[in-house]
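The chain contents come next:
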Amino acid sequence: MRSATAWVAVVRSGVFQRRSLVQVPLRARYRRLRAHPAHLPLRVLGPQIAPVFADLHREHDVDLRLGARVTEIVGENGKAAGIRLADGTRIDADAVVAGIGATPNTQLAAESGLQVNNGVVVDASLRTSDPDIYAAGDVANALHPMLGKHIRVEHWANALHQPGTAARSMLGKPAFYDRLPYFFTDQYDLGMEYTGYAEPGSYEDVVVRGDLASREFIAFWLADGRVLAGMNVNIWDVNEAIQHMIRSGEQFDRGRLTDPDLPLEQLTAG
């Protein structure tokens, strides 16, 4: 190691990953730099909530370069020695980690004549455009019966649960994959769960119950008063209630959503 403090450059796409902290077997203390092409980290959370996570990482000596584009991984003696940004800046590092997402491999499906679009297109039963072929997991762009749109989710939960739906469909049994998208993460002393589906531009407002500054809150993404997605941060045992609120399709009063003394279970009519 060149110094007592090792630098780890983390090249990110700006999308959320379940475990975003990089653990490196270094005997010495290490610092991290993260280069994101997006102007917000965790951009799925939007401009109101994403800065909570940016501030958290900065407090732990992470140098965030938002809106930066990496053009080169600089090598020396056959090893990565840093990165170069589009503006010409070189940043030296003892290690470089690339977490830039994945592109679904649809070549075989396309060559077989299946419909592909951001993955293999399937219906709610995970059936492809060929009624005898099914797809599940990260590659499946599936029609969500509750959301009324096709979504492709890169998460282990899909790989775990979708095959059961596909198998039942193959056996001729009625089966539909209607689980709400879900992910969680633990970062330093912050833990969170996110459920639902709120694309940028699909929601009108974000309502917060609790305190962003203390990082103990529940956030709701709303459209026409209906909850599209919810995220609990350092507050536990509320995810099922949030899912029920999303599935209810009810319109919620903002004041009741933000009232910490009102249990979430009491907000829905059913």
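Everything quoted here is computed from the prediction, not taken from an experiment.

Further remarks concern the sheet that holds strand β9 (residues 140-144). If you trace the three strands from one edge of the open sheet to the other, you get β8-β9-β10, paired in mixed fashion. Each end of this open sheet is capped by a strand with a single partner; those strands are β8 (120-122) and β10 (149-151). Between one strand and the next, the sheet's axes are offset by a mean angle of 30°, whatever the strand orientation. Bridge count between β9 and β10: three bridges; the pairing is antiparallel. From the neighbouring strand, A142 faces β10, where its bridge partner is I151.

The next thing to look at is the confidence of the model for the protein. Across the protein, the average pLDDT comes to 87, with 86% of residues at 70 or higher. The low-confidence segment residues 14-30 (pLDDT under 50) makes 51 contacts with residues lying over four places distant or belonging to another chain.

The next thing to look at is unusual backbone geometry. Its identity is not glycine, yet N118 carries a phi of approximately 55°, on the positive side. Within the fold, N118 resides in the loop between α2 (107-111) and β8. Although it is not a glycine, Y188 sits at a positive phi angle of roughly 55°. Here Y188 is to be found in the loop between β11 (182-187) and β12 (190-196).

As defined by bridge partners, strand β4 (residues 70-76) adjoins strand β5 (residues 79-85) across six bridges and the pair is classed as antiparallel. Paired with G75 across the bridge in β5 is A80. Between β4 and the antiparallel strand that follows it, β5, lie two residues; N77 among them carries a positive phi value of about 55°. Summarising the sheet, β5 and strand β6 (residues 90-92) pair through three bridges and their orientation is antiparallel. Each bridged residue has a counterpart across the sheet, and for G82 the counterpart in β6 is D92. Count of turn residues in the β5/β6 antiparallel hairpin: four residues, of which G88 carries a positive phi of about 95°.

Turning to the pattern of salt bridges, a few remarks are in order. Applying the stated rule across the entire model yields 11 salt bridges. Of the charged contacts in the structure, one is a salt bridge between R65 and D63, with a shortest N-O distance of 3.0 Å. On the basis of relative accessible area, D63 is assigned to the partly exposed category, the value being 26%. Between R152 and E154 there is a salt bridge; the shortest N-O distance is 3.1 Å. Looking at R152, the relative accessible area reads 18%, which means it is buried. Each of E76, R90 and D92 takes part in one network of salt bridges that share partners.

Another aspect to go through is the pairing of strand β14 (residues 216-223). Counting buried residues in β14 gives seven out of eight residues, a clear majority hidden from the surface. Of the strand pairs in this sheet, strand β13 (residues 205-211) and β14 are connected by seven bridges, and their pairing is antiparallel. Within the sheet, the bridge partner assigned to V206 lies in β14 and is W221. With antiparallel pairing between neighbouring strands as the criterion, β13 and β14 make up a hairpin whose turn holds four residues, including R215 at a positive phi of roughly 60°. Inspection of the sheet shows β14 paired to strand β15 (residues 226-233) by seven bridges, in the antiparallel sense. Residue pairing for β15: L222 is matched across the bridge by V227. What sits between β14 and β15 in their antiparallel hairpin is a turn of two residues, with D224 showing a positive phi close to 55°.

Inspection of every chain in the model, using the stated rule, returns three aromatic pairs. Relative to F184, the ring of Y182 lies with its centre 6.4 Å away and its plane at 40°, an arrangement referred to as tilted. Put simply, the rings of F183, Y194 and W221 pair up and form one aromatic cluster.

Mapped onto the elements, N232 comes out in strand β15. The class of N232 is buried, set by a relative accessible area of 0%. Separated by 2.9 Å, the side chains of N232 and E193 make a polar contact. A polar side-chain atom of N232 sits 2.8 Å from the main-chain carbonyl oxygen of I235. Filtering out sequence-adjacent residues up to four positions away, N232 remains in contact with G191, M192, E193, F217, I218, V238, N239 and I242.

Definitions and limits used
Residues numbered from 1 in each chain as written. Predicted model: local features only at pLDDT ≥ 70, side-chain atom pairs only at ≥ 80, totals over all residues. Heavy atoms only, no water. Pairing = 2+ DSSP bridges. Helix = DSSP H or I, 4+ residues; strand = E, 2+ residues; numbered from the N terminus. Axes fitted to C-alpha atoms, helices over the stretch in contact; angles between N-to-C directions. pLDDT = per-residue confidence, 0-100. Contact = heavy atoms within 4.5 Å. Salt bridge = Lys/Arg side-chain N within 4 Å of Asp/Glu carboxyl O. Buried < 20%, exposed > 50% of the residue type's maximum accessible area, 1.4 Å probe, protein only. Phe/Tyr/Trp six-rings, centres within 6.5 Å; stacked < 30°, edge-to-face > 60°. Polar contact = N/O pair within 3.5 Å; in protein donor to acceptor, adjacent residues only side chain to side chain.

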